[in-house]
Amino acid sequence: MMRIPKMPNSNAEEPNSNVEKLNLRSEEVQEILTNPPAWIVRWGITLIFMFTVIILALSFMIKYPDFVTAKVIVTTERPTEQIVARYSGALQKIYIENGDTVAVDQRLAVLRNTANVEDVYKLKSILDTVQQSSQGLLFPIDSASQFVLGDIETAYINFEKSYVDYHLLKDLDPYTTQLSGNRQTLEEIKQRLKSQMDQKKVLEQEYELEKRDYERYRQLSEKGVISQQEFESKKQEFLQMEKNLSAMAISISQMREAIASAGQTLKTTKINKQEDDTRLLANLSQTFNALKKAVREWEHNYVLSSSIEGVVGFQEFWGENQYIGSGEVVFSILPTDTDKLVGKLVLPSQNAGKVVQGQKVLVKLDNFPYQQYGMLIGRVENISVSPNSEGNYFIYISLPHGTTTSYNRRLPFEQELLGNAEIITENLSVAERIFYKFKDVFKY
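Residues numbered from 1 in each chain as written. Predicted model: local features only at pLDDT ≥ 70, side-chain atom pairs only at ≥ 80, totals over all residues. Heavy atoms only, no water.

### Notes on the overall build of the protein chain
For clarity, the cut-off: Here a helix means four or more residues in a row that DSSP labels H or I, a strand means two or more in a row labelled E, and each is numbered from the N terminus. Working definition: with a 1.4 Å probe on protein chains only, accessible area under 20% of the residue-type maximum means buried, over 50% means exposed, and in between means partly exposed. Any pair of residues with heavy atoms lying within 4.5 Å of one another is described as a contacting pair. To be clear on the numbers: accessible area is Shrake-Rupley with a 1.4 Å probe, and residue cover counts the displayed protein chains and nothing else.
For the protein chain, the count of helices and strands is 10 helices and 14 strands. Looking at the 444 residues of the protein chain, the share that counts as buried comes to 32%. Partitioning the contacts of the protein chain with sequence separation of at least 6, the portion at a separation of at least 24 is 76%. Carbon and sulfur atoms form 54% of the exposed surface of the protein chain, whose accessible area is close to 29,600 Å².

### A short note on the environment of Ile395
Within the secondary structure, Ile395 is located in strand S13 (residues 392-399). Between the C-alpha atoms of Ile395 and Gly343, which are 52 residues apart in sequence, the distance is 8.1 Å. Once residues within four sequence positions are removed from consideration, Ile395 is found in contact with Gly343, Lys344, Leu345, Leu347, Val355, Val380, Asn382, Ile383 and Ile423.

### Notes on the side chain of Lys364
Put simply, the rule reads: In the analysis that follows, any N or O atom pair within 3.5 Å is treated as a polar contact, provided that within protein one partner can donate a hydrogen and the other can accept it, and provided that, for residues neighboring in sequence, both atoms belong to side chains.
Note on placement: Lys364 falls in strand S11 (residues 360-365). Side-chain polar atoms of Lys364 contact the side chain of Glu422, separated by 3.0 Å. Each residue touching Lys364, except ones within four places of it in the same chain, is listed here: Tyr370, Met375, Gly419, Asn420 and Glu422.

### Some remarks on the pattern of salt bridges
Where we set the bar: Here, a salt bridge means any Lys or Arg side-chain nitrogen found within 4 Å of an Asp or Glu carboxyl oxygen.
Enumeration according to the criterion identifies eight salt bridges in this entry. Its salt-bridge partner being Lys124, residue Glu299 comes within 2.9 Å of it at the nearest N-O pair. Taken together, the positions of Glu299 in helix H8 (residues 228-302) and Lys124 in helix H4 (residues 117-129) put the pair 175 residues apart, joining distant regions of the chain. For Asp276, the salt bridge identified is with Arg279, shortest N-O distance 3.2 Å. Taken together, the residues span about one helical turn, with Asp276 and Arg279 both in helix H8 at a distance of three residues. With relative accessibility at 17%, the residue Asp276 sits in the buried group.

### With respect to the packing of aromatic side chains
Applied cut-off: Each pair of aromatic rings taken from Phe, Tyr and Trp, with Trp reduced to its six-membered ring, is defined by centres within 6.5 Å and is described as stacked if the planes are under 30 degrees apart, edge-to-face if over 60, and tilted in the remaining cases.
According to the stated counting rule, one finds 11 aromatic pairs in the structure shown. Judged by centre distance (6.4 Å) and plane angle (65°), the ring pair of Phe139 and Tyr163 falls under edge-to-face. Here Phe139 is found in the loop between H4 and helix H5 (141-144), whereas its partner Tyr163 is found in helix H6 (residues 153-172), with 24 residues between them in sequence. Residue Tyr163 is classed as buried on the basis of its relative accessible area, which comes to 8%. When the centroid spacing of 5.2 Å and the interplanar angle of 75° are considered together, the rings of Phe368 and Tyr373 count as edge-to-face.

### Let's talk about H6
Here is the rule: To estimate how far a helix should extend, the number of its residues minus one is multiplied by 1.5 Å. Read the arc as the range of directions from the helix axis to the C-beta atoms.
Its 20 residues place the ends of H6 28 Å apart at the C-alpha level, agreeing with the 28 Å of an ideal helix rising 1.5 Å per residue. Within the sequence span of H6, burial applies to Ala155, Tyr156, Phe159, Ser162, Tyr163, Tyr166, His167 and Leu169. Considered in projection along H6, the buried side chains sweep an arc of 160° and stay on one side of the axis. Among the exposed residues of H6, those pointing more than 90 degrees away from its buried face are Thr154, Lys161, Asp171 and Leu172. On its buried face, H6 is in contact with H5, helix H7 (174-223) and H8.

### Things to note about the sheet that holds strand S7 (residues 310-314)
Heads up, the condition is: A pair of strands counts as paired when DSSP detects no fewer than two bridges linking them.
Taking strand neighbours across the sheet as the criterion, the four strands line up as S2-S9-S7-S4 in an open arrangement whose pairing is antiparallel. At either end of the open sheet lies a strand with only one pairing partner, and these are strand S2 (81-84) and strand S4 (101-102). Direction of pairing for S7 relative to strand S9 (residues 329-335): antiparallel, over a ladder of five bridges. From the neighbouring strand, Gly313 faces S9, where its bridge partner is Ser332.

### Quick word on the packing of H7 against H8
For any two helices packed against each other, the geometry comes down to the angle between their axes and how far apart the axes lie. Inclusion rule: For helices, the axis comes from a line fit to the C-alpha atoms of the stretch in contact; other axes are also lines fit to C-alpha atoms, and the angle between any two N-to-C directions lies between 0 and 180 degrees. Oblique is the label for every angle not falling under 35 degrees (roughly parallel), over 145 degrees (roughly antiparallel), or within 65 to 115 degrees (roughly perpendicular). If you view the pair so one helix is near and one far, a crossing is left-handed when the near helix is turned anticlockwise from the far one by less than a right angle, and right-handed when it is turned clockwise. Residues are sorted three ways: Asp, Glu, Lys and Arg are charged, Ala, Val, Leu, Ile, Met, Phe, Trp, Tyr, Cys and Pro are nonpolar, and all the rest, Gly among them, are polar.
The interhelical angle for the contact between H7 and H8, taken along N-to-C directions, is 165°, at an axis separation of 8 Å. Between H7 and H8, the angle falls in the class roughly antiparallel. In terms of crossing hand, the pair formed by H7 and H8 is left-handed. Of the residues that constitute the contact of H7 with H8, the class distribution is 21 nonpolar, 12 polar and 19 charged.

### Things to note about the environment of Leu362
One can find Leu362 in strand S11. On the basis of relative accessible area, Leu362 is assigned to the buried category, the value being 12%. Setting aside residues up to four positions removed in sequence, Leu362 forms contacts with Phe67, Met375, Leu376, Ile377, Asn420, Ala421, Glu422 and Ile424.

### Examining the sheet that holds strand S6 (residues 303-305)
Overall, antiparallel pairing links the four strands, which are arranged S6-S5-S3-S8 in an open sheet. With partners counted over all chains shown, the strands left at the sheet margins are S6 and strand S8 (323-324), one partner each. In this structure, strand S3 (residues 89-94) lies alongside strand S5 (residues 107-111), joined through three bridges in antiparallel fashion. What sits directly across from Lys93, in S5, is Val110. Sitting on the sheet, H8 touches S5 and S6, and the angle it makes with S6 is about 80°.

### A short note on a nonpolar patch on the surface
Short version of the rule: Nonpolar side chains (Val, Leu, Ile, Met, Phe, Trp, Tyr) are joined into patches within 5 Å and like charges within 9 Å, using only residues with over 30% relative accessible area and no salt bridge.
Side chains of Leu47, Phe49, Met50 and Val53 sit close together on the surface and give an oily, nonpolar patch of about 410 Å² of accessible area. Within the element layout of this structure, Val53 appears in helix H3 (residues 38-61). Residue Val53 is classed as partly exposed on the basis of its relative accessible area, which comes to 38%.

### Details of the pairing of S5
Extensive coverage of S5 is indicated by the burial of four of its five residues. In this sheet, S6 lies alongside S5 in antiparallel orientation, the contact comprising three bridges. What sits directly across from Val110, in S6, is Val303.

So, to be careful, I would describe these as geometric facts and stop short of saying anything about function.
As structure tokens, this is what we get:
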């Protein structure tokens, strides 16, 4: 039977107990503990050295990229259009349904206003088809006068007045009669002048004959052949002839002055006609353009329309007679062409200097978890030269593979996608990072 050792009763027996325990080990164990085999020492050091070399080699081989993260929004190259209400009011009419494909300049909705929408668009159609020229324009003023135009009414009234004034001038044409009378008066004066010129020639011939006759009487009077009374009578006749000739010259001069005055009147009438034609035509053109501008402003304020082709989406559940505040986003239009996508990043100024064009970007979308769907691969295309007021930089990235992820899965693109972008700025090894840390320690 095995004997159970007794517990020591005093401290004096403890050294003997330890010696007794050491003596319990065998001689083989004692030999191993005192003299370990040489192969264990030799191969152990070798294995530790090889393991250290492998770790160092792997630290140079294993690359660990350096990232700069930022928020990103993935959208089409032509951005999504947001239709904003520019005027507060209730929705009078909605022309589309959520998810419809709309064309450029298509009406989406109209806000309630004092004009009849159909009348305004009839007027717009007329204005678009009317052609202006140097002869004015033709406008169906009678039918358009019945339109209910609301805010456009004042501009239309001004145009209507200008249109009526211009066409009254054209139809009545008062200057044509006046010009005809002026021309006739001028021709009659010219004819009278010609007649007087002919009479003057005859009078001059009579004057020459009377002058020669007077000279003969003067010579006869000097010789005493005729009496003094006869000579004075002949002299009186000669003086009367001179007076008639002088009166004829004055009449011709007055006639020429009348011709000049009639010509000036004719020219003034022509100028007045040209001025009135130009003024009324210019006024008509100005009021016509002002009317078109008023229609555009009405459409800008009350009509929500698309400026691109795409798929429309409601921002809320809108219905007719529902109130919309100014500046509120009503619709969003996603462009039809979604083949070429881009990413827009907002990057804080911290570490922004590391980002350069051409760097690889990994996009992790919030809508599609990257662990399940993968990441989008992009490249840095453009960087803003200066930060905005908040100290952020804008970065544009290209997505050459579109929505095809790193798992070779093509994601559906039906709206703008939000997520986080990781820009790979440097692809450093583990050893380089360790050396950088030592460099930071010893540089001081």
